[in-house]
Amino acid sequence: MALPGTFTTRTTIALSREDEAALTDLYIRGTPANTLRAYERDLVYLTGWKLAAFGQPLAWPEAEAVALRFVIDHARDLTEAPPGDAARLAAEQLVALGLRRGLACPAPATLDRRIASWQAFHRMRNLGSPFEAPLVRQARAKARRAAARPRQPKSARPITLPLLEILLATCDNSLRGLRDRAILSLGFASGGRRRSEITGLRIEDIGREDFAAKGILWLRLWETKTTAKGAAPKLVLKGRPARALMGWLLAVGADAGPLFRPISKSGRALPRRLAPDAIRTILTHRLALAGLPADHASPHGLRSGFLTQAALDGAPIQAAMRLSLHRSVAQAQRYYDDVEITENPAADLMG
């Protein structure tokens, strides 16, 4: 990723080009890959918006009036704006470029993320952000309140054991079936793994030393959304999930490289890793084979399903969190609350 502009200091000593290059490299190596991709997408969007709205490239530092206009333009439903409205015209250009889905008001979280990226770009240049101006900060707060909407779950429903068993039953002993069975089993049983965590695994991350004697495999996640690089603990996989993963490993027959791989039309495992979006495609395929609609569940259902099943089975939340690697008890508690409320005696007062 090319970071926006060059780094500068506010002293009389300027950084050399070599220092600037070294600092840029430090930012890139010290920033998670997912964050870098988000920065890149946001930079493209912000550049496109500034050109559409003002006919000018991004400025460093950006003017407060531009920041205020950005907040205002993204805090209202432009489908209701008159055809000649400046904000609507800019949005229509972004839609035509494929940078914006439509004219509806973006989610507050989307606006917050793009502003956060814009602020980060200013920090990279050692510049103050226009979004810290009192009027802009107040406008952001008002926009967040005006656009507030009920929190939507990431998955239509959790993939608890009954649904997981239905999906696993569609997996035959073909190479594709072995791979999908291993993905679904690992994604659920190792703590409800995120898509990027599943597809980021490598064969070298799987410890097999205890499989023959104990039927256990060890997983090393080098980085997750809630743990720093190298700080994620080893996770255990046992029983059917371990056997499913070992079946895939034996079928692939490789000693190194990506753990989960695309499969060619001829039924051969390719040497490259799966993209995170492939997990959604695999799940949709398995739902269809099970006679269920495509929106019946999403990949996040593996994560929510693990915690929901742990609550249903009476597992202590701390034990579940050791596998899910949730950092916040309050966040994990939501899944337990949904289960426990059905068992609350007060819910049976009328019999």
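Everything numeric in this text was worked out from a predicted model, so none of it was measured. (Residues numbered from 1 in each chain as written. Predicted model: local features only at pLDDT ≥ 70, side-chain atom pairs only at ≥ 80, totals over all residues. Heavy atoms only, no water.)

(A) View of the packing of helix 2 (residues 33–54) against helix 4 (residues 86–96). The contact between helix 2 and helix 4 brings their axes to 9 Å, and the two run at 135°. In terms of orientation, helix 2 and helix 4 fall into the oblique class. Handedness of the helix 2/helix 4 crossing: right-handed. Taking contact as the criterion, the partners of Y45, G48, W49, A52 and A53 in helix 2 are, on helix 4, A90, Q93 and L94. Among the residues forming the contact of helix 2 with helix 4, the class breakdown is 6 nonpolar, 2 polar and no charged. (Axes fitted to C-alpha atoms, helices over the stretch in contact; angles between N-to-C directions. Helix = DSSP H or I, 4+ residues; strand = E, 2+ residues; numbered from the N terminus. Parallel < 35°, antiparallel > 145°, perpendicular 65-115°, else oblique. Left-handed = near helix turned anticlockwise from the far one by under 90°. Contact = heavy atoms within 4.5 Å. Nonpolar A, V, L, I, M, F, W, Y, C, P; charged D, E, K, R; others polar.)

(B) Quick peek at the pairing of strand 2 (residues 216–220). Two elements, strand 1 (residues 206–207) and strand 2, share 2 bridges in a ladder whose sense is antiparallel. Note that in strand 2 the partner of G207 across the bridge is W218. Relative to strand 3 (residues 234–238), strand 2 runs antiparallel, the two being bridged by 5 bridges. Following the sheet pairing, L219 is matched in strand 3 by L235. (Pairing = 2+ DSSP bridges.)

(C) Structural context of the packing of helix 8 (residues 175–189) against helix 11 (residues 239–252). The contact between helix 8 and helix 11 brings their axes to 8 Å, and the two run at 140°. Relative to helix 11, helix 8 is oriented so that their crossing is left-handed. On the side of helix 8, the interface is formed by L175, L178, R179, R181, A182, S185, L186 and A189, while helix 11 contributes P241, A244, L245, G247, W248 and A251. Class assignment of the residues belonging to the contact of helix 8 with helix 11 gives a composition of 10 nonpolar, 2 polar and 2 charged.

(D) The arrangement of the confidence of the model for the protein chain in detail. Per-chain confidence: the protein chain averages 86 in pLDDT, with 86% of residues scoring 70 or above. Ranking the elements of the protein chain by mean pLDDT puts helix 15 (residues 329–340) last with 74 and helix 8 first with 97. Counted against residues more than four places away or in other chains, residues 6–11, with its pLDDT under 50, gives 17 contacts. (pLDDT = per-residue confidence, 0-100.)

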